[in-house]
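Each chain is listed here by its residues.
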Amino acid sequence: MPAESTVVAEGEGRPPGEPAEASRETRAEGAPKRSGWATLRPLVLRLHFYAGLLIAPFLLVAATTGLLYACSYQAEKIVYADELRVPVPPGKGELPLTRQMAAARAAHPEGSISAVRPSPEEGATTRVLLSGVPGVDPDHTLAVFVDPYTAEVRGDLEQYGSTGALPLRTWIDELHRDLHLGEAGRLYSELAASWLWVIAGGGLVLWLGRRRSQRKARGTTGRRRTLALHGSVGVWAALGLVFLSATGLTWSAYAGQSVSDLREAIGQTTPAVSSTVTPGAEPAAEPAGEHSGHGGSGGSGAADGEGAARADVGLDAVLKAARGQGLSNPVEIVPPADASSAYVVRQIQRSWPEKQDSIAVDPANGEVTDVLRFDDYPVLAKLTRWGIDAHSGSLFGLVNQFALIALALCLILLIVWGYRMWWQRGRGSAFGRPVARGAWQNVPAHVLVPLLAAVAVVGYFVPLLGIPLAAFLAVDIALGELAYRRGRRTYA
């Protein structure tokens, strides 16, 4: 979001015939020594100008794709309505999960069952998730949608992530994350997230430092009106933009690793329920009927024809145990990985921050072997969970999605207004004239040195902020030297 300087551009406002350098030096000699914000403002302005000018294209792509992603939740419900919803037959309840799973396996015997998501509400289908299916992305699962009232298979779609993203939302998510370019493409989104908080914060400081009379858009025209609109919207959106920047960095490639290392060092990683059980536990009484002889009716072993002799209470008993521990819908049941593993049942609702509990259930007897409550998460683990969910539009559902849409639109407008101000700046050959260099020389050493140290530390842990900033400085110094050798070097 290129910002505009309120100082006079180079060469403007000087007496006719007076050289630009002489005019500037004369003013400098007669002017009182500046301190505080007056010395920092030109430096912040120059950083805001250049960062906005050069990073704004990446931010524009991120904002546009983020806007599409925020809308994809509702679009997904319309596009995949046949798979997601079924008519509710009057007076008929849901069939046992084991029967629904058997129908899914009959339609898709390939792969192995990685999880089952029971119907979360009336009229919603059950999802049976299969991994290792030929033709399906290894990072995805095949979701088989089963009518919980009739066990009819309604269809199958690739699913990605814990939020259950289907092909439409997955495609938009990957576009937003890496432009479908893989790991190399993630650099674009991390670059945008690394600089968004700097640009938003710098713009906020610049706007608050202006006189109140200069902030009004009413009654103004041209560049001043554009600046007023840019600043007013930026102030309202600044906090949200900083939040998007911070949460986006938590799962980025490089800065995200720094965050993970820090959380691990201070013991703030996300805990996991223990799924280890002691083989040979006394099995529960085998019920008669459809559960009889089902061995691993929900597991990756017996369900796929492996180790059928092993005792297994089945999905329905596991779900009943989860309900007894207070795990309400929606939940996901992960079958045992081997003979020493338990079922893991976890809540997967991202629209309410407290519904993140999980339990482990012994497949031999249906006893709960471990319980992990979201209340027991470390503080940073909770904040990370909430931040990621809010960034992706899951937290608080539709309200969250509307907020993201508003922020994305604000960011797009800010970028457009920023480039318009760049266009409006100067006349003729002065188009796009940058803020004059040399502002750092007016900053007191006791302010400049700690500031540079802080920037160096942040740049180390957020490399896609530090490396481009170092490149900006190197290019700027080179251009300054070139101008000096040509006798045209100018300072703020």
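What you see is a predicted model; the values in this text were computed from it and never measured.

Rules and cut-offs
- Positions within a chain are numbered from 1, following the residues in the order the chain's sequence is written.
- For this predicted model, a pLDDT threshold of at least 70 governs which residues receive local features, and a threshold of 80 or more governs which side-chain atom pairs are given and counted, while totals over whole chains, interfaces and linings are taken from all residues.
- With hydrogens and water excluded, all non-hydrogen atoms of the structure serve as input to the side-chain values.
- UniProt positions are given in the numbering used here, feature names are shortened, and annotations may be inferred rather than shown by experiment.
- A run of DSSP states H or I qualifies as a helix once it reaches four residues; a run of E qualifies as a strand once it reaches two. Both are numbered from the N-terminal end.
- Polar contact criterion, stated in full: a pair of N or O atoms within 3.5 Å, where within protein one must be able to donate a hydrogen and the other to accept it, and residues adjacent in sequence count only if both atoms are side-chain atoms.
- Residue contacts are defined here by distance: any two heavy atoms, one from each residue, within 4.5 Å place the two residues in contact.
- We define a nonpolar core as any set of buried Ala, Val, Leu, Ile, Met, Phe, Trp, Tyr and Cys residues linked to one another through side-chain atoms lying within 4.5 Å.
- The classification of residues rests on relative accessible area computed with a 1.4 Å probe and restricted to protein chains. Under 20% of the type maximum is buried, over 50% is exposed, and intermediate values are partly exposed.
- Method remark: on a 1 Å grid restricted to protein atoms, a set of points is classed as a cavity if a 1.4 Å probe fits but cannot get out and as a pocket if it is open with protein on both sides within 12 Å along at least five of seven lines; lining residues have an atom within 4 Å of a point.
- Grid points are joined across faces, edges and corners, and a volume is the space filled by probe spheres set on the points.
- Charged residues are taken to be Asp, Glu, Lys and Arg, nonpolar residues to be Ala, Val, Leu, Ile, Met, Phe, Trp, Tyr, Cys and Pro, and polar residues to be all remaining types, Gly included.
- Orientation is described by lines fitted to C-alpha atoms, with helices fitted over the stretch in contact, and by angles between N-to-C directions that extend from 0 to 180 degrees.
- By the definition adopted for this analysis, an angle is roughly parallel if under 35 degrees, roughly antiparallel if over 145, roughly perpendicular if from 65 to 115, and oblique otherwise.
- Two strands are said to pair when DSSP picks up at least two bridges between them.
- A patch is a set of surface residues, each over 30% in relative accessible area and not in a salt bridge, joined within 9 Å for like charges and within 5 Å for the nonpolar side chains Val, Leu, Ile, Met, Phe, Trp and Tyr.
- Methods summary: accessible areas were calculated by the Shrake-Rupley approach with a probe of 1.4 Å, and residue burial reflects only the protein chains presented.
- In the sections that follow, a salt bridge refers to a side-chain nitrogen of Lys or Arg positioned within 4 Å of a carboxyl oxygen of Asp or Glu.
- Think of pLDDT as the predictor's per-residue confidence, scored from 0 to 100.

Chemist: So what about the UniProt feature "transmembrane region" (unreviewed entry) in the protein? Which residues, and what values?
Modeler: Here the UniProt feature "transmembrane region" (unreviewed entry) sits at residues 49–70, 187–208, 229–254, 402–422, 443–461 and 467–484. For residues 443–461, the end-to-end C-alpha separation is 25 Å, with 89% helix and 0% strand making up the annotated structure. Each end of residues 467–484 is marked by a C-alpha atom, and these two atoms are 26 Å apart; helix forms 100% of the span and strand 0%.

Chemist: Describe in detail the side chain of serine 341, supporting the description with residues and values.
Modeler: In this fold, serine 341 is placed in the loop between strand 5 (331–334) and strand 6 (343–347). Side-chain polar atoms of serine 341 contact the side chain of aspartate 338, separated by 2.8 Å. Apart from the residues within four sequence positions on either side, serine 341 is in contact with Ser275, Val277, Pro336 and Pro363.

Chemist: So what's going on with the nonpolar core? Which residues, and what values?
Modeler: Ile55, Leu59, Trp195, Leu196, Ile199, Leu241 and Leu411 are the most contacted members of the largest nonpolar core, which totals 34 residues. Of all the secondary-structure elements, those providing two or more residues to this core are helix 2 (37–79), helix 6 (186–208), helix 7 (222–249), helix 11 (398–424) and helix 13 (463–485). The dominant element in this core, judged by the number of residues it contributes, is helix 6, at nine residues. One finds Ala104, Val128, Val144 and Leu315 within the second-largest nonpolar core, a separate group that totals 25 residues.

Chemist: So what's going on with the layout of surface pockets? Which residues, and what values?
Modeler: In this structure, the largest pocket encloses a volume near 1400 Å³. No other element matches the 12 residues that helix 13 contributes to the lining of the largest pocket. For the lining of the largest pocket, the class distribution of residues is 29 nonpolar, eight polar and five charged.

Chemist: Can you break down the packing of helix 2 against helix 5 (residues 167–178) residue by residue, with the values?
Modeler: Close contact between helix 2 and helix 5 brings their axes to 8 Å; oriented N to C, the two are set at 175°. Taken together, the axes of helix 2 and helix 5 are roughly antiparallel relative to one another. Side by side, helix 2 and helix 5 meet where Ala62, Thr65, Gly66, Leu68, Tyr69, Ser72, Tyr73, Ala75, Glu76 and Val79 of the first sit next to Leu168, Arg169, Ile172, Asp173, Leu175 and His176 of the second. Its residues assigned to classes, the contact of helix 2 with helix 5 comprises nine nonpolar, four polar and three charged.

Chemist: I'd love a proper account of the pairing of strand 6, names of residues and values included.
Modeler: For strand 6, the tally of buried residues reaches four of five residues, placing the bulk of the element in the interior. Across four bridges, strand 5 lies against strand 6 in antiparallel orientation. The residue of strand 6 that forms the bridge with glutamate 332 is arginine 346. Sheet analysis places strand 6 next to strand 7 (residues 358–361), joined by four bridges and oriented antiparallel. Across the sheet, the residue bridging to valine 345 is isoleucine 359, located in strand 7.

Chemist: Could you give me a rundown of the side chain of serine 392, with the residues and numbers involved?
Modeler: Relative to the elements of secondary structure, serine 392 occurs in helix 10 (residues 379–392). You can call serine 392 buried: its relative accessible area is 14%. Contacts of serine 392, omitting those with residues within four sequence positions, involve Tyr69, Tyr73 and Leu404.

Chemist: Account for a nonpolar patch on the surface, naming residues and giving values.
Modeler: Judged by side-chain polarity, Val61, Leu179 and Leu181 come together as a nonpolar surface patch covering roughly 230 Å² of accessible area. Inspection of the secondary structure puts valine 61 in helix 2. Residue valine 61 is classed as partly exposed on the basis of its relative accessible area, which comes to 32%.

Chemist: Pulling in residues and values, what's your account of the pattern of salt bridges?
Modeler: Evaluated as defined, the whole model comprises nine salt bridges. Among the ionic pairs, glutamate 121 bridges to arginine 85, the shortest N-O distance being 2.8 Å. Here the residue glutamate 121 occupies a position in the loop between strand 1 (112–117) and strand 2 (126–131), and arginine 85 occupies one in the loop between helix 3 (81–84) and helix 4 (97–107), the gap between them amounting to 36 residues. Taking relative accessible area as the criterion, glutamate 121 reaches 46% and is therefore assigned partly exposed. For arginine 85, a relative accessible area of 38% corresponds to the partly exposed category. Put simply, glutamate 332 and arginine 117 hold a salt bridge, and the shortest N to O gap is 2.7 Å. Here the residue glutamate 332 occupies a position in strand 5, and arginine 117 occupies one in strand 1, the gap between them amounting to 215 residues. For glutamate 332, a relative accessible area of 6% corresponds to the buried category.

Chemist: Can you tell me about the confidence of the model for the protein, naming the residues and giving the values?
Modeler: Overall, the prediction assigns the protein a mean pLDDT of 84, with 82% of residues at 70 or greater. Within the model, pLDDT remains below 50 along residues 1–31, and this stretch shows 60 contacts once partners closer than five positions in the same chain are excluded. Scored below 50 in pLDDT, residues 286–308 shows 47 contacts in the model against residues more than four places distant or in partner chains.

Chemist: I'd like a rundown of the pairing of strand 7, residues and numbers included.
Modeler: For a regular strand, side chains alternate in direction, first toward one face of the sheet and then toward the other. Across the two faces of strand 7 the burial is the same, with Ser358 and Ala360 and Ile359 and Val361 all buried. By the bridge criterion, four bridges tie strand 7 to strand 8 (residues 368–372) in an arrangement that is antiparallel. Bridge assignment links isoleucine 359 to a residue of strand 8, and that residue is valine 371. Linking strand 7 to strand 8, which pair antiparallel, is a turn of six residues; within it glycine 366 sits at a positive phi near 80°.

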